[in-house]
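Here is what each chain is made of, one letter per residue.
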Amino acid sequence: MLTVFFVVIFLVFAVFFKKSLYVNEHEAAILKALDLFDKNCKEIDKISMIPNHKLSESHIYKK
C-alpha cells in the first residue's frame, strides 16, 4: 500500500514538473534564436551602409 502511494505521488510530481521543464527548455531555445536573428539583422544593416557594397540574391559561395 505504501509503495502504491509513493508511485502515485511520484507520477503526480513528474507530470507537474514535466510541463514546466519543457516550457523552460523551449523558451530558452526561442530566445537564443531571436538573439541570433537580431545579430544577423544588425550585421546586414552594417554591411548595407558600406557605399560600394551591393547585396544581391546570389549565394556567397556561388562561382
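The present account deals with the structure reproduced in this document. Computed from a predicted structure; not experimentally measured. (Residues numbered from 1 in each chain as written. Predicted model: local features only at pLDDT ≥ 70, side-chain atom pairs only at ≥ 80, totals over all residues. Heavy atoms only, no water.)

**A few points about the pattern of salt bridges**
Rule in force here: Each salt bridge in this description consists of a side-chain nitrogen of Lys or Arg and a carboxyl oxygen of Asp or Glu lying within 4 Å of one another. Counting from the N terminus, the helices are DSSP H or I runs at least four residues long and the strands are E runs at least two residues long. For every residue, the accessible area obtained with a 1.4 Å probe (protein chains only) is divided by the maximum for its type, and the residue is called buried under 20%, exposed over 50%, and partly exposed between those limits.
Throughout the structure, instances matching the rule amount to three salt bridges. The partner of Asp 38 in a salt bridge is Lys 42, and the shortest N-O contact between them spans 3.4 Å. In this pair, Asp 38 and Lys 42 both sit in helix α1 (residues 2-48), four residues apart, roughly one turn of the helix. Lys 46 is the partner of Glu 43 in a salt bridge, and the nearest nitrogen-oxygen pair spans 3.5 Å. On the criterion of helical spacing, the pair formed by Glu 43 and Lys 46 is a turn pair, its members being three residues apart in helix α1. On the accessibility criterion, Glu 43 (41% relative accessible area) is partly exposed.

**Quick word on a nonpolar patch on the surface**
This is how it is decided: Excluding any residue in a salt bridge, patches collect residues exceeding 30% relative accessible area, merging like charges within 9 Å and nonpolar Val, Leu, Ile, Met, Phe, Trp and Tyr side chains within 5 Å. Residue exposure ignores everything except the shown protein chains as possible cover, and the areas themselves are Shrake-Rupley values with a 1.4 Å probe.
A grouping of Leu 2, Phe 5, Ile 9, Phe 13, Phe 16 and Phe 17 is seen on the molecular surface, where their side chains present a nonpolar patch of about 680 Å² in accessible area. Note that Phe 13 resides in helix α1. Residue classification places Phe 13 among the partly exposed positions, given a relative accessible area of 47%.

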